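Chains, contacts and geometry: an overview
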Amino acid sequence: MTSRARGKSRIGAGPLHAAASHGIPMRFSGLHRFFDGIERLNAGPLQLAGVLVSVLFVRIVLEWALEAQKAIEPPASLILFVAYFASALAGLFLILWWTSGKPSLSVAKVLAVFSPILWIPPIWDLVASGGRGFTLQFVFAPPPYASALLNACADCAGVSSGLRVEVLVAAVASLAFVVWATGRWIRGLLAAAAVYAFVVFQALWPAYLMASLGHPYPDVFFMRELLSSYALLVCATVVTAWHASGTALAQRIRLERVLHYVALSVFGAAIGFPHWAHAGPGVLLPLAALAVSIALAFLAAVWVNDWSDRRIDAWGTRRTGTSASFPLGTVIGLVLLSTLTALAAGYAAWVWVAFAFALSVVYSMPPLRLRRHVFSASLVLAVCALAVVAAGFGIGLTSPETVPTTLPPAVALVVLGFVFLAAPFKDLKDAAGDHNDGVVTLATWLGPQTARTVAAGLVFSAVVWATILSGFLLPLGLLFGAVAGGVILLVKDWTRMERVVFALDYVFLAALALHLSGLYVLA
């Protein structure tokens, strides 16, 4: 090849060639350079999150100051606006991520760069109205969804021309980004259509929710349901992107134990059903938010516990590869997500979940490290279980802060005794590591074989305790206890034994909940 030819090949490999390789005509090469520059930005997740939060806050204040009301609204309005816009960004992130195929961090960078699109409505409406502004509000009398899509919510009260311009600009930006990322115009058009359809649906979602549940605005249950739906979307987006970034979240999930605490919250909700002021299906959304919050708080507690137990894990059989440095960022992130979803379900729900997490820290971390002795460890786990039950019990109460006086004492005794007696069985696995670290469990105290026998007896006693105090059908309770104890004695493989015992735990809690709630009395 001649030097001239080589020079031509080098020229052909420049921006114009790159743009053409992305399926973008040469006249749009500037678009390619623009998005390529965004992708090369040196910005991490915390910086991008800070930018997005700042843009949201500016949008809210601009709306208050420039739209027709021209007044700072109360904190409840701020919370609702933040939840609404955060869920909007979460939905847009998922759409762009799925359609573009780009890494989550690249999509977040694009979202942050284009986030000032949110400032368009208050400024546009101020100019278009000659300085009067527009009264923006949630749509509570929506047209059919198909009609709203076709006319861009022209028939929706509370939707301004500025909002329509905002949606149009967002759809065009989505089209450009996905075409740049994939080189496929069809996929770009689908992304733009999905963005448009999602934004319209989200604008109408409060009205659809209200119509399906029959709650007047601003009914307390409706607000919990609406905030819970927003929080669940945001949480799902963050966890999905976080996991996709390479963080080993899934590796630390103790699925059986997570489901145990989630089952306890549902157990509490079922027992609280006769005390609820509202029995509509919308209570399921706050309950789902509570379950997610409990799962995230438990996962954060697992990170704390694994770090505290890193020497035990090295001696034992788990070998999680826990770093010597404390995973502060991961724990803070999980706690923040847990707080977000719990607060959406209600302030009292958050108090109980935060209380249980605080106890889990005391359980794991030195200098207290209450898990060092089987009795203190079992007591802490029993109180954590009762806190989770209390959170579920209050989901349907108009005043969930009254749970301490509303929760029947017999139920509290059932939960405390059941978990306190059954908890020691979980430490049968790490006997060698516990012994070397000076932790007193049944296995280190009595020896592995005797400990297994005692643990089987304690689990049987736990089921009998709950059966007698609750008035549950005694033969059925004895059967549950005998099967669970037999599994602990006879099944030598720890993983299989744990799964079977926890499966029996879920079934027993479900039967007990039906009995105590009066939905299906087994006596």
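1. A word on the confidence of the model for the protein chain
Confidence along the protein chain averages 84 in pLDDT terms, with 87% of residues attaining 70 or more. Residue range residues 1-23 is modelled with pLDDT below 50. Its contacts to residues more than four positions away, or to other chains, number 17 contacts.

2. Here's the deal with helix α4 (residues 45-66)
For α4, built from 22 residues, the straight-helix expectation of 32 Å at 1.5 Å per residue is met to within 8% by its first-to-last C-alpha distance of 31 Å. When we look at burial in α4, the residues that qualify are Leu48, Leu52, Val55, Leu56, Arg59, Ile60, Glu63, Trp64 and Leu66. Of the surrounding elements, those touching the buried residues of α4 are α5 (75-100), α6 (104-114), α7 (120-128) and α9 (161-182).

3. Comments concerning the packing of helix α22 (residues 448-470) against helix α23 (residues 474-490)
Orientation of α22 relative to α23, taken along the N-to-C sense of each, is 165°, at an axis distance of 8 Å. Taken as axis vectors, α22 and α23 run roughly antiparallel relative to one another. As α22 runs across α23, the sense of the crossing is right-handed. From α22, Arg452, Thr453, Ala455, Ala456, Val459, Phe460, Val463, Val464, Thr467 and Ile468 reach across to α23, where they touch Leu474, Gly477, Leu478, Phe480, Gly481, Ala482, Ala484, Gly485, Ile488 and Leu489. Among the residues forming the contact of α22 with α23, the class breakdown is 14 nonpolar, five polar and one charged.

4. Topic: the pattern of salt bridges
Applying the stated criterion across every chain yields a total of eight salt bridges. Here Glu39 makes a salt bridge to Lys102, at a shortest N to O gap of 3.0 Å. Note that Glu39 is positioned in helix α3 (residues 29-39) and Lys102 in the loop between α5 and α6, a separation of 63 residues in sequence. Overall, the relative accessible area of 25% leaves Glu39 in the partly exposed class. For Lys102, a relative accessible area of 17% gives the class buried. When the shortest N-O distance is used, the salt bridge between Asp427 and Lys426 registers 2.8 Å. For the pair formed by Asp427 and Lys426, the shared burial category is buried. Within this structure, Arg59, Glu63 and Glu166 form a network of salt bridges that share partners.

About the criteria used
Along each chain, residues carry numbers from 1 onward, in the same order as the chain's sequence is written. Since the coordinates come from a predicted model, pLDDT governs what is reported: local features require at least 70, and pairs of side-chain atoms require 80 or more to be given and counted, while whole-chain, interface and lining totals use all residues. In computing side-chain values, all of the structure's heavy atoms are included and hydrogens and water are not. The score called pLDDT rates the predictor's confidence residue by residue, from a low of 0 to a high of 100. Note on contacts: a residue pair is in contact if any heavy atoms of the two residues lie within 4.5 Å. Helix and strand labels come from DSSP, where a helix needs a run of H or I of at least four residues and a strand needs a run of E of at least two; each type is numbered from the N terminus. The span expected for a helix works out to 1.5 Å for each residue beyond the first. Between buried and exposed lies partly exposed: a residue is buried under 20% and exposed over 50% of the maximum accessible area for its type, with that area taken using a 1.4 Å probe on protein chains only. Structural elements are reduced to axes, namely lines fitted to C-alpha atoms, with helices fitted over the stretch in contact, and the angle between N-to-C directions of any two is expressed from 0 to 180 degrees. What sets the label is the angle itself: under 35 degrees gives roughly parallel, over 145 gives roughly antiparallel, 65 to 115 gives roughly perpendicular, and the rest give oblique. Here a crossing is taken to be left-handed if its near helix is turned anticlockwise relative to the far helix by less than a right angle, and right-handed if that turn runs clockwise. Throughout this entry, Asp, Glu, Lys and Arg are counted as charged residues, while Ala, Val, Leu, Ile, Met, Phe, Trp, Tyr, Cys and Pro are counted as nonpolar. The remaining residues, Gly among them, count as polar. Just to be clear on terms, a salt bridge is a Lys or Arg side-chain nitrogen sitting within 4 Å of an Asp or Glu carboxyl oxygen.

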